[in-house]
Amino acid sequence: MIVAISLFVFVSTIAVFVGGVTAQSGPASNPDNASAIPDYGPAYGVENSTFQVLWSEDIDNGNLSIDDFEGTNVSSDGEFATRLAQSTDVSFEHPPDAVATWNDGDFDGFSPGGEDESVHPDGASLEDGEYIKDAYVELYAVQPSTILHEDNGTSQYVDPDGDILAISDYRVLLPEDDTSGSKQDEWSLTETSVDSIELKADGETLSTGDGHQATLSYEDLSGSVELTVEAEITATIEHVSLDCPDWVVVDRVCEGIWSEEVDYLERSQTVTASRDVVVSQLSESSGT
């Protein structure tokens with residue numbers, strides 16, 4: 001399950017998300033409320049009272065009265081936060097540390113699919129090569145950041161210094177073995193990996209990692225910037241060609257000695273994902 005925090009913060013009539021949704025939300029913890037709160041939280045050391053107010057996209061209950069928040073009706077700080085989150089979306093003066101804590105924890109739980117399956121978030125741009133299929137890289141989160149929603153679209157504001165959490169996966173599709181005649185072919189995958197994931201700002205490399213997950217840092221950014229992550233995926237494939245000069249067609253057997261030729265095919269696939277951001281000091285709810 002991949003769930004990056006998205007927080008509504010209301011500034012006048014403008015809704016601001018803190019963090020970024022980079023994949024689907026988890027199952028609703030309260031079906032009657034159609035909650036977007038993941039049912040496996042609180043987790044990762046985020047306290048319940050904090051966890052409850054980090055989420056939006058749920059259906060708010062505007063009928064709660066002041067009595068619902070007082071006295072014996074509220075047994076703990078966590079219960080108060082739960083009722084508050086059910087009644088409205090909570091604003092913050094700056095991106096809370098709990099956002100990064102949650103994103104880091106969920107990011108660490110990402111499990112790639114292995115050579116036969118590509119695990120990817122909804123909306124990922126999947127690319128196919130000769131053998132490498134459903135390859136992608138995604139910016140799981142830019143943190144700290146605020147996405148400002150206005151009538152004419154959205155803008156994402158980031159700190160001059162921050163981190164990109166990037167994920168990548170793919171699968172490998174080999175030709176089927178042919179073992180039915182005098183000329184036979186066998187295929188096997190000997191090695192595959194995400195060799196590198198690079199973070200670039202307007203084409204300039206800032207940070208490099210590798211593997212299916214990478215935390216890429218940047219610093220001293222300014223102005224409007226296109227952040228790009230680029231992953232290079234490689235696969236080494238063994239192809240064994242067998243040839244029998246004395247093949248008996250009727251019995252479908254080789255009465256002689258098979259000749260064998262082994263080739264190693266190296267293939268790579270480069271995938272990218274980009275996001276436009278505006279660099280700003282994220283100290284106020286306005287995103288400036």
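For the structure itself, consult the block above.
Residues numbered from 1 in each chain as written. Predicted model: local features only at pLDDT ≥ 70, side-chain atom pairs only at ≥ 80, totals over all residues. Heavy atoms only, no water.

1. Considerations on the state of the cysteines
Covalently bonding the sulfur atom of one cysteine to the sulfur atom of another cysteine gives a disulfide. Scanning all chains against the criterion turns up one disulfide. For Cys244, the disulfide goes to Cys254, at an S-S distance of 2.0 Å. One quick way to see it: the torsion about the S-S bond of Cys244 and Cys254 is about 90 degrees, and its sign makes the bridge right-handed. Of this pair, Cys244 sits in the loop between β8 (224-243) and β9 (247-248) while Cys254 sits in strand β10 (residues 253-254), and the two are ten residues apart along the sequence. The class for Cys244 is buried, based on a relative accessible area of 5%. (Disulfide = S-S within 2.5 Å. Helix = DSSP H or I, 4+ residues; strand = E, 2+ residues; numbered from the N terminus. Buried < 20%, exposed > 50% of the residue type's maximum accessible area, 1.4 Å probe, protein only.)

2. Here's the deal with the pairing of strand β4 (residues 153-172)
Of all 20 residues making up β4, 14 are buried, and the element is well covered by its neighbours. When strand β3 (residues 132-150) meets β4, the two strands line up antiparallel, connected through 15 bridges. When the bridges of β4 are listed, Lys133 appears paired with Arg171. What sits between β3 and β4 in their antiparallel hairpin is a turn of two residues. Pairing of β4 with strand β11 (residues 259-279), which is carried by two bridges, proceeds in the parallel orientation. Paired with Tyr157 across the bridge in β11 is Val278. Two strands pair when backbone bridges link them, and β4 and strand β7 (residues 213-218) are joined in this way by six bridges, in the antiparallel orientation. (Pairing = 2+ DSSP bridges.)

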